[in-house]
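# Inside the fold
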Amino acid sequence: MSTFKNFVDKVVLITGSSGGIGAQTAVEFARYGAQVVITGRNADNLSEVAKQCAAVSPKGLKPLEVLADVSKDVDCKRLIDSTISAFKRLDILVNNAGKAIFTPITDPSVLDKYGEVMDTNLRSVVYLTHLSVEHLEKTKGNIINISSIMGLKPLNTGFLYCMSKCALDMFTKCLALELGPKGIRVNAINPGAVRTNFLQVVGYTKEQSDGFYNQRGGQYPVGRVGESIDIANAILFLASDEASFVTGVNFVSDGGALHAPS
Ligand code: NDP
């Protein structure tokens, strides 16, 4: 076992861990000894991920499952309260839950969609961070925010999503300054396209989603799009003690996509 993958006795809360990148991240933290807290809105998916985590945990630790909608303040509060009540500590917060809406500025419901995207991708992160600081200060813990290369590069009709991730990147940098003196590191990961259900949530069919990832992969310098494990590995590194000198960064994990012609 490489040393950076040692999370024994650490309590790790991963939002959006009922599927995709968050679920894989929960499994990896569990595999390397962490007590994980998993959360999302879909109870069945959450139970499935809980089983996977317990199966790989060296001590068979069962995750704490919290059904929560992070776009609701009361759910965010309950999520942190449940974590502290169960384990009396928090070491690592992974703000991963996110959604995209692609729409033109002329959309009559643009402000409703603005609220939906910002509440999920940004407001939740601000509030969960606010609630976590006192606990992370005690453990000298850290925060990883899951952004996107779309926070660094504009996309036609993608302004809601791109703005949310761009703001998340700046939040990360500002918070690294503010929380560094408390011993808390704050970093962001900016993935390129990763093969998950993300596009199906936006409305793509399975075939359209597969087609997009296959086609896009061919344009990436490494010849493929990402898999959830690629991002989970980056998260575990940034969360580890071996990254103790790293804070306030945008860690781009995108197979070179940002610099490739689209
Ligand atoms: P998925 O759609 O596969 O998973 C999203 C997760 O977030 C699910 O567990 C979902 O759970 C949860 N979630 C969504 N909305 C809410 C909400 N309001 N409250 C609580 N949980 C919520 O997406 P990915 O795994 O691909 O995405 C994870 C993160 O990675 C996102 O922040 C995304 O922006 C980012 N990202 C993804 C890329 C990709 O190509 N896949 C590329 C770049 C960044 P449930 O439905 O149970 O609530």
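Further up the page is the structure itself.
The rules behind these values
Residues numbered from 1 in each chain as written. Predicted model: local features only at pLDDT ≥ 70, side-chain atom pairs only at ≥ 80, totals over all residues. Heavy atoms only, no water. Helix = DSSP H or I, 4+ residues; strand = E, 2+ residues; numbered from the N terminus. Buried < 20%, exposed > 50% of the residue type's maximum accessible area, 1.4 Å probe, protein only. Pairing = 2+ DSSP bridges. Axes fitted to C-alpha atoms, helices over the stretch in contact; angles between N-to-C directions. Contact = heavy atoms within 4.5 Å.

So, on to unusual backbone geometry. Leaving glycine out, the prevailing phi sign among residues is negative, and the prevailing peptide bond configuration is trans. With a phi angle near 70 degrees, Asp 9 is a residue other than glycine that sits in the positive phi range. Relative to the helices and strands, Asp 9 is located in the segment before strand S1 (11-14). Since its relative accessible area comes to 60%, Asp 9 is described here as exposed. Look at Lys 88: it is not a glycine, yet its phi comes out positive at around 65 degrees.

We now examine the sheet that holds strand S5 (residues 142-146). Sheet strands associate in pairs through backbone hydrogen bonding, adopting either a parallel or an antiparallel arrangement. Spatially, S3-S2-S1-S4-S5-S6-S7 is the arrangement adopted by the seven strands of the open sheet, whose pairing is parallel. Each edge of the open sheet is held by one strand with a lone partner, namely strand S3 (64-67) and strand S7 (250-253). On average, each strand axis in the sheet is inclined to that of its neighbour by 15 degrees, with strand direction left out of account. Relative to S5, strand S4 (residues 92-95) is paired through four bridges, and the arrangement is parallel. What sits directly across from Ile 92, in S5, is Asn 142. This element, helix H4 (residues 110-139), spans S4 and S5 of the sheet and lies at about 175 degrees to S4. Packed onto the sheet, helix H8 (residues 228-239) meets S4, S5, strand S6 (185-191) and S7 and runs at close to 165 degrees relative to S6.

The analysis is restricted to geometry; functional conclusions fall outside its scope.
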